[in-house]
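So the chains spell out like this:
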Amino acid sequence: MSDSPSQQPGRPTGIARELAQLLERYSGPLVLYARQLCSDPEDAVQIAFVKLAQQQPSPRDRAAWLYRVVRNEALMQSRGERRRRDREQVFAETRALWFESDSSASLDGEAAAEALQRLSQSQREIVVARIWGGLAFREIAQLLAISQSSAHREYQQAIETLQKELNEPCPNSTNPQT
């Protein structure tokens, strides 16, 4: 008996052949079955076959076992997608509300949020970190891996853009030392 490098110790070569036959016989129907339960049925089927290859000892009724594992994987995937969609929806709803409405305030919160959205990503991060986060330009520079002078320059440009768009003076100091 020769030891081939592709053969695992203690695993008969017939297992690989059997897995290939099961894959050929059941992969299509399993994908069709999983498609009704999740958006990526091929992943659920692949996971089931990987788990089957790892089973010690191999299940008696492999077809039923595969269907059960595919169903469980597809349902877990579907729940994960639903949770992710719910989190993204909550985030989208709260992201739109950057400012609370205050009828006595001179700044229109909705217009300010829209103006912030039109800034570049880095400028938006700098403005939010500086104004609402209270970070110093030194801290912002570390956060974004840029120089302190770049952080200050980007902040000034963003504030000028916001002032023009909102027709409002900005009360915050732009002292680069803080």
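Note that the coordinates shown come from a computational prediction; the quantities given were computed from them, not determined experimentally.

Basis of the calculations
Residues numbered from 1 in each chain as written. Predicted model: local features only at pLDDT ≥ 70, side-chain atom pairs only at ≥ 80, totals over all residues. Heavy atoms only, no water. Salt bridge = Lys/Arg side-chain N within 4 Å of Asp/Glu carboxyl O. Helix = DSSP H or I, 4+ residues; strand = E, 2+ residues; numbered from the N terminus. Buried < 20%, exposed > 50% of the residue type's maximum accessible area, 1.4 Å probe, protein only. Axes fitted to C-alpha atoms, helices over the stretch in contact; angles between N-to-C directions. Parallel < 35°, antiparallel > 145°, perpendicular 65-115°, else oblique. Left-handed = near helix turned anticlockwise from the far one by under 90°. Contact = heavy atoms within 4.5 Å. Nonpolar A, V, L, I, M, F, W, Y, C, P; charged D, E, K, R; others polar. Lys, Arg positive; Asp, Glu negative; His and termini not counted.

> Would you mind going over the pattern of salt bridges with me for this structure?
Working definition: two side chains of opposite charge can pair if their charged atoms are close together. Evaluation of the coordinates by the stated rule reveals four salt bridges. Note that Lys51 and Glu73 form a salt bridge whose closest N and O atoms lie 2.6 Å from each other. Taken together, the residues Lys51 in helix H2 (residues 41-54) and Glu73 in helix H3 (residues 62-95) connect sequence positions 22 residues apart. A relative accessible area of 10% means that Glu73 is categorised as buried. Between Arg118 and Glu165 there is a salt bridge whose closest N-O contact spans 2.6 Å. Remark: Glu165 occurs in helix H7 (residues 148-166) and Arg118 occurs in helix H4 (residues 109-118); sequence separation between them is 47 residues.

> Looking at this structure, I do not really get the packing of H4 against H7. What am I missing?
Packing of H4 against H7 leaves a shortest axis separation of 10 Å and a crossing angle of 140°. The angle between the axes of H4 and H7 places the two elements in the oblique class. Our pair here, H4 against H7, has a crossing hand that is right-handed. Contacts between H4 and H7 involve Ala111, Ala112, Ala115, Leu116 and Arg118 from the former and Leu162, Glu165 and Leu166 from the latter.

> What should I look at first to understand the packing of helix H6 (residues 137-144) against H7 in this one?
A pair of packed helices can be characterised by two numbers: the angle between their axes and the separation between those axes. Contact geometry of H6 with H7 gives a least axis separation of 8 Å together with a crossing angle of 105°. Of the possible angle classes, the one that applies to H6 and H7 is roughly perpendicular. Between H6, through Phe137, Arg138, Ile140 and Ala141, and H7, the contact on the second element is made entirely by Gln148, Ala151, His152 and Tyr155. For the contact of H6 with H7, the per-class residue count stands at five nonpolar, two polar and one charged.

> Explain the side chain of Glu81 to me, please; I cannot follow it from the model alone.
Along the chain, the position of Glu81 falls in helix H3. Buried and without a salt bridge, Glu81 has Arg84 as its closest oppositely charged side chain, separated by 4.8 Å. When neighbours within four sequence positions are excluded, Glu81 is seen to be in contact with Ser39 and Asp40.

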